Amino acid sequence: MYEWDTKKAVANLVKHGVMLEAAQTFDWRSALIVEDAAHSVTERRYRAIGFIGARLHVMAWTPRRAAIRIIGLRKANEKEVDIYEKSKAPASHLED
């Protein structure tokens, strides 16, 4: 279950061109999730890089009771795509 602030949803759409409702189709199974310590002052916040359809997105979120509260959602930039791809690449093995 997802929740978000209505005013924040409008601001996110204007700023990033992405509706927070799109988070409902976020692919958590293949997502890269990290704690966002810099923004975890009053509550633990996380960033997840994962797919919505065929495009990588970055979602800022925090767990709230039985829901995931969406703080922001946008398309991943080149650096974030690179981080995601490197994290999902199979480990290379050196042969002896």
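Rules behind the numbers
- Residues numbered from 1 in each chain as written.
- Predicted model: local features only at pLDDT ≥ 70, side-chain atom pairs only at ≥ 80, totals over all residues.
- Heavy atoms only, no water.
- Helix = DSSP H or I, 4+ residues; strand = E, 2+ residues; numbered from the N terminus.
- Buried < 20%, exposed > 50% of the residue type's maximum accessible area, 1.4 Å probe, protein only.
- Pairing = 2+ DSSP bridges.
- Polar contact = N/O pair within 3.5 Å; in protein donor to acceptor, adjacent residues only side chain to side chain.
- Contact = heavy atoms within 4.5 Å.
- Axes fitted to C-alpha atoms, helices over the stretch in contact; angles between N-to-C directions.

(A) Quick look at the environment of glutamate 85. Looking at the secondary structure, you find glutamate 85 in helix α2 (residues 78-88). For the pair glutamate 85 and arginine 65, spaced 20 residues apart in the sequence, the C-alpha separation amounts to 32 Å.

(B) Molecular detail of the pairing of strand β3 (residues 46-52). Here β3 lies mainly inside the structure; 5 of its 7 residues are buried. By the bridge criterion, 7 bridges tie β3 to strand β4 (residues 55-64) in an arrangement that is antiparallel. Within β4, the position partnered with phenylalanine 51 by the bridge is leucine 56. Linking β3 back to β4 in an antiparallel pair, the connection comprises 2 residues, with glycine 53 at a positive phi of about 65 degrees.

(C) View of the environment of threonine 6. For threonine 6, the location among the structural elements is in helix α1 (residues 6-16). Measuring from C-alpha to C-alpha, the distance between threonine 6 and leucine 20 comes to 9.3 Å, with 14 residues separating the pair along the chain.

(D) Region of the structure containing α1. Near the N-terminus of α1, the side chain that reaches the backbone nitrogen of lysine 7, with its oxygen 3.0 Å away, is that of aspartate 5. Directly after α1, the chain includes glycine 17, whose backbone phi takes a positive value near 70 degrees.

(E) Structural detail: the side chain of aspartate 36. Counting through the fold element by element, aspartate 36 comes out in the loop between β2 (32-35) and β3. Here aspartate 36 falls in the buried class, since its relative accessible area comes to 11%. A distance of 3.3 Å separates the side chain of aspartate 36 from the side chain of arginine 47, its partner in a polar contact. The residues contacting aspartate 36, other than those within four sequence positions of it, are Arg45, Tyr46 and Arg47.

(F) The arrangement of the sheet that holds β4 in detail. Sheet architecture is open: 5 strands sit in the order β1-β5-β4-β3-β2, paired in mixed fashion. The two strands at the open ends of the sheet, each matched to only one other strand, are β1 (2-3) and β2. The pairing of β2 with β3 spans 4 bridges and is antiparallel. By the bridge assignment for β3, leucine 32 is matched with isoleucine 49. Strands in contact with α2 are β2, β3, β4 and β5 (67-75); relative to β2, the strand with the most contacts, it is inclined by about 110 degrees.

Keep in mind these numbers describe shape, not what the thing actually does.
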